[in-house]
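Breakdown of the fold
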Amino acid sequence: MSSKQTFIQNNKRDAPRARPSSSGWRNWIVVAPFFLFTLLFIVLPSFSLLTRAFLDNNGKFTLLNFAGLFEPSILSAYWVTIRISLATAVGGGLLGFLMAYAVTVGNLPRAVRTGLMTFSGVASNFAGVPLAFAFIATLGRTGLVTLLLKSVLKINLYDQGFNLYSFWGLTLTYMFFQFPLMILVITPALDGLKKEWREASENLGASHSMYLRKVALPILLPSILGSMILLFGNSFGAYATAYSLTGGFINLVTIVIGSQIKGDILYNPGLGYALAIGMVVVMSVMMAIYYFLRRKSERWLRQ
Amino acid sequence: MKRRSIWSWLWIVIGMLYFILPLYSTFDFSLRAKKGVLSFLAYQRVFEDPNFWSTIKFSLVIAIFTIIVSILLVVPTAYWIRLRLPKLRVLVEFISMLPFVVPAIVLVFGLIRVFSGAPFFLTNTYFGTYVLLVAGYVVLALPFVFRSVDTGLAAIDVQSLTEAAQSLGANWPTIIFKVIFPNLRVAIMSSAFLTLATVIGEYTIASFLVGIKSFGPYMSLIGQNKTYESSSLAIISFMITWAFMGMIQLFNRGKADTSALAGAR
Amino acid sequence: MAYLSLSNVSKVFGTTTAVEDFNLEVEKGEFVSFLGPSGCGKTTTLRMIGGFEMPTTGVITLDTEDITYQSPNQRNVGMVFQSYALFPNMTIGQNISFGLQARKTPEKEIKKKVDEMLGLVHLEKHIHKYPYQLSGGQQQRIALARALAINPRVLLLDEPLSALDAKIRVELRLEIRRIQQTMGITTIYVTHDQEEALMLSDRVVVMSQGRMEQIGTPAEIYNYPSTEFVAQFVGQLNILPVTQVNKKDGTCVLAGQQVKFDQSFERSISETPRLAIRPEEIQIGIGEGRNTLKGRVETVMFLGAVVRLRVDLGGVMLSADLFNERNITLPRAGDEVVISFPEHSCWLI
């Protein structure tokens, strides 16, 4: 931290408060609604799922619900969900990173950047039902791209084993909002890459590739990995897009939870709770790693 | 230098194709409702469907309530932890990130389990389910509303502004509504439009709580039996998202922080 | 031919000329400062020597080699940036060894050099720390060590102290001078701080609006400013309207009172000549062979080492700096005073 910054911070700390800060219950009344709300609508629901996950149908303590997670069909649901999340996080992450790199570091006109940011804001929020419709019109059996490939390149996607309603189809669909999201979250990190670092590296006699290998990539790596983890979580918890695309006929964790809520096939409430808790655990681990990585890069880039 | 910008253009073009192709295909498809000719018939049918208007109205109203509730919850809290309770900052930040950890499907599961039984019985009445829906959406919006408001507050030096207002004799309501809120206009507007964009076509929570009353499930229903109309709905929905995001750009003058992570995927 | 030379160098960005017809010869081991307000082209000139900007016209040679269009990583010129530009992902030791690694120096030699450099800047203990763990002043010393580790032919410093607190700035200034002298390295130093430039440099280049205003030793720059800009920018200066200028006799009339000026030093006298005099040349009281004027004290400002008076000479305001003494008796506002200054201390401008 530069001494200048310390100075400013100290100054702030020295500044007298408007009134003594511990004036009791009055302070808490302002924040009470927020805490009450989050207690009711985030903590309570999660906690209720957690306790129910440890109870059997008669309200007795059991671990059987969690044992149910290791049934082949459930394991496979987790496996497919993780594979899709991984594929879209890495694929979307790479494409998004390269595009963000192009508009920040790879000298393109300023207007391209502005345009790309608007586009990313829109595309990363365009998901769910309409996105599924769009991909059906594109890569479905009578989708435009499917037909184009058939007539121009004589490739019949569906004969090649492609199916929009399976792993690859869902992966391609998720990519539509994943890579724009990557652009949005990685651009600030790329902006933080100071021009002076490149100049200092050149000045010290390093080649461009040495700069990339030893300076730029190591500095960006925590941000890149962190952003990919966000993308992973983003697709891990996705439900609407998958459900509307496949009509519920794909074995994803979210889809299985959905059918447990509705109580249709193989109704087993205990298993539903365990699945939900399993999901929260996976997401928590992801967020913990994300925070660790973010702290690392923030510490580096503090100035 | 030259070679690098060729690569740059390449990635941009690939990304743009990925973006444009599905939209173009959908638009093309939506024009083919009449055999042999291109027409806006599918759009006409959508617009003539009273359910289209009623569901979109319903979702808009829910979205507006969501915005009001989340602003009223978040702004005073974010303001107060900057001014008086800085010790609570870590906790509030942690809470506002919780929606990342609890996906929408898990959230709605928990909401139904808690509030359908004693002592709440919220799902027994229409009004109760609406309350629950708004609550769910407030949770979904919490991360970006909090972050947006908090960065807005960071930019205006709340402490000095408050002290200045106090020294000029302002009371608390005056400070909050005449000093703090106007200075947060950009933050509030951009999180409001982001909330609109996420909530309007939301499917996961809506489908379990209110079903086809809202726009997301309505679109889904259309998709099950009307192919051309579903494509036109996708285009309309895309236009709506674009309009809302455009509004954010307008308010932020290009510096949009538009990443809604806990959105409705 | 000089060790480092810039001839007819200019740089145009779009429609604005950042540097215009810049000529400079620097001898080996010399310390030259570029001094000027922001936007005067000093940093651009430095960056052209470093290779980060290509001159629009002109030639830059270093040690008889034309380096005008050489890429930065071929030049072997060390640069210290205003923002330090330390690599945040590397320890101090790794930062200093970076340039040597780029040169494929054997590991053993690198280690020796790193230790030597850390010794030079007195930061041996911090070799395994990361930049964010050091203070601003320490970071800047590491940046200096990193630039010096590659044995550069020229050391370039771009406002290296401007981001630091006043106290550390003074401390580091001395350190830069000491290191430069012990290593005998040719140095170009960019600054907007006149005190820094005057104290550190063998020669100072004063720049304004892309042009070189004056080049000379610190004493020449201060005592014999060749343009009004230099006179105004370096140090304080009274510029007073005068009438009845007689260049032959070296006399003119200031506020109704006759004044003699330095005839031998005439620089860029405009249509309506004015009289220039440094405030510290002025004393209270009469003196032999001095210009003597009557006036009335308007304000008295106590600044510590000096006391600044504003004196009204009858419509013309003049600043006078008196050196403080413990038993000084200060005039008060409204007092009638007689001031005097040597005839050779003022000149026409």
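One structure accompanies this document, and this report is about it. Not measured: the values here are computed from a predicted model.

**What about the packing of helix H5 (residues 104-115) of chain B against helix H6 (residues 126-156) of chain B?**
All names here are of chain B. Packing of H5 against H6 leaves a shortest axis separation of 11 Å and a crossing angle of 145°. Note that H5 runs across H6; the crossing there is right-handed. Note on element contacts: H6 touches H5 through Leu132, Gly136, Val139 and Leu140, opposite Ala104, Leu107, Leu111 and Phe115. Taken together, the residues that form the contact of H5 with H6 break down as seven nonpolar, one polar and no charged.

**Comments concerning the pairing of strand S6 (residues 77-80) of chain C**
Residue and element names in this part refer to chain C. Both faces of S6 are covered, namely the face carrying Val77 and Met79 and the face carrying Gly78 and Val80. Where S6 lies against strand S7 (residues 154-158), four bridges are found, and the strand directions are parallel. The partner of Met79 across the bridge, within S7, is Leu156.

**Thoughts on helix H8 (residues 167-191) of chain A**
All names here are of chain A. Compared with the 36 Å implied by 1.5 Å per residue over 25 residues, the 35 Å span of H8 between its first and last C-alpha is a close match. By the largest-angle criterion, Met175 marks the main kink of H8, which is about 40°. The buried fraction of H8 is high, at 20 of 25 residues.

**Notes on the nonpolar core**
Of all hydrophobic cores here, the largest spans 228 residues; its most connected members are Ile257(A), Phe34(C) and Ile188(C). When residues of this core are assigned to their parent elements, the largest contribution, 16 residues, is made by H6(B). In this view, Phe34(C) contacts Phe22(C), Leu24(C), Lys42(C), Thr45(C), Leu46(C), Ile49(C), Ile188(C), Tyr189(C), Val190(C), Thr191(C), Val205(C) and Met207(C); residues no more than four positions away in its chain are not counted. Formed by 32 residues, the second largest nonpolar core is a distinct cluster that contains Val114(C), Met117(C), Leu120(C) and Leu134(C).

**Let's talk about the pattern of salt bridges**
Where charged atoms from two side chains of opposite charge come close, those side chains can pair. Evaluated as defined, the whole model comprises 22 salt bridges over all chains. One salt bridge connects Glu159(C) with Lys42(C), and the closest N-O pair in it is separated by 3.4 Å. Here Glu159(C), found in the loop between S7 and helix H6 (166-183), pairs with Lys42(C), found in helix H1 (residues 42-50); they are 117 residues apart in sequence, far enough to count as distant. Of the two residues, Glu159(C) and Lys42(C), neither departs from the other in class, the shared state being buried. For Asp115(C), the salt bridge goes to Lys111(C), with nearest N and O atoms at 3.7 Å. Residue Asp115(C) and its partner Lys111(C) are located together in helix H4 (residues 107-120), separated by four residues, close to a single helical turn. A relative accessible area of 57% places Lys111(C) in the exposed class. In this structure, a network of salt bridges that share partners links the residues Arg82(B), Arg89(B), Glu93(B) and Asp150(B).

**A closer look at the interface of chain B and chain A**
The partner chain A presents 89 residues to the 82 residues of chain B that form the contact. The junction of chain B with chain A conceals about 8,000 Å² of combined surface from both sides, 76% of it contributed by carbon and sulfur atoms. Across the chain B-chain A interface, the total number found is zero salt bridges. The interface formed by chain B and chain A includes four residue pairs in polar contact (both at pLDDT 80 or more). With 18 residues, helix H1 (residues 2-30) of chain B is the largest single contributor of residues to the side of chain B that touches chain A.

**Points about the sheet that holds strand S13 (residues 251-254) of chain C**
All names here are of chain C. The strand order across the open sheet built from three strands is S12-S13-S14, with neighbouring strands paired in antiparallel fashion. Where the open sheet ends on each side, the last strands, each with one partner, are strand S12 (243-246) and strand S14 (257-260). Strand after strand, the sheet turns through a mean of 25° between neighbouring axes, direction not considered. Sheet analysis places S13 next to S14, joined by four bridges and oriented antiparallel. By the bridge assignment, Leu254 is partnered in S14 with Gln257.

Each value, and the rule that gives it
Residues numbered from 1 in each chain as written. Chains lettered and ligands numbered in written order. Predicted model: local features only at pLDDT ≥ 70, side-chain atom pairs only at ≥ 80, totals over all residues. Heavy atoms only, no water. Axes fitted to C-alpha atoms, helices over the stretch in contact; angles between N-to-C directions. Helix = DSSP H or I, 4+ residues; strand = E, 2+ residues; numbered from the N terminus. Left-handed = near helix turned anticlockwise from the far one by under 90°. Contact = heavy atoms within 4.5 Å. Nonpolar A, V, L, I, M, F, W, Y, C, P; charged D, E, K, R; others polar. Buried < 20%, exposed > 50% of the residue type's maximum accessible area, 1.4 Å probe, protein only. Pairing = 2+ DSSP bridges. Expected span 1.5 Å × (residues − 1). Bend = angle between axes of the 7 residues up to and from the residue. Core = buried A, V, L, I, M, F, W, Y, C linked by side-chain atoms within 4.5 Å. Salt bridge = Lys/Arg side-chain N within 4 Å of Asp/Glu carboxyl O. Buried area = accessible area lost by both parts, 1.4 Å probe. Polar contact = N/O pair within 3.5 Å; in protein donor to acceptor, adjacent residues only side chain to side chain.

Everything listed here is a matter of coordinates, which is why it stays silent on function.
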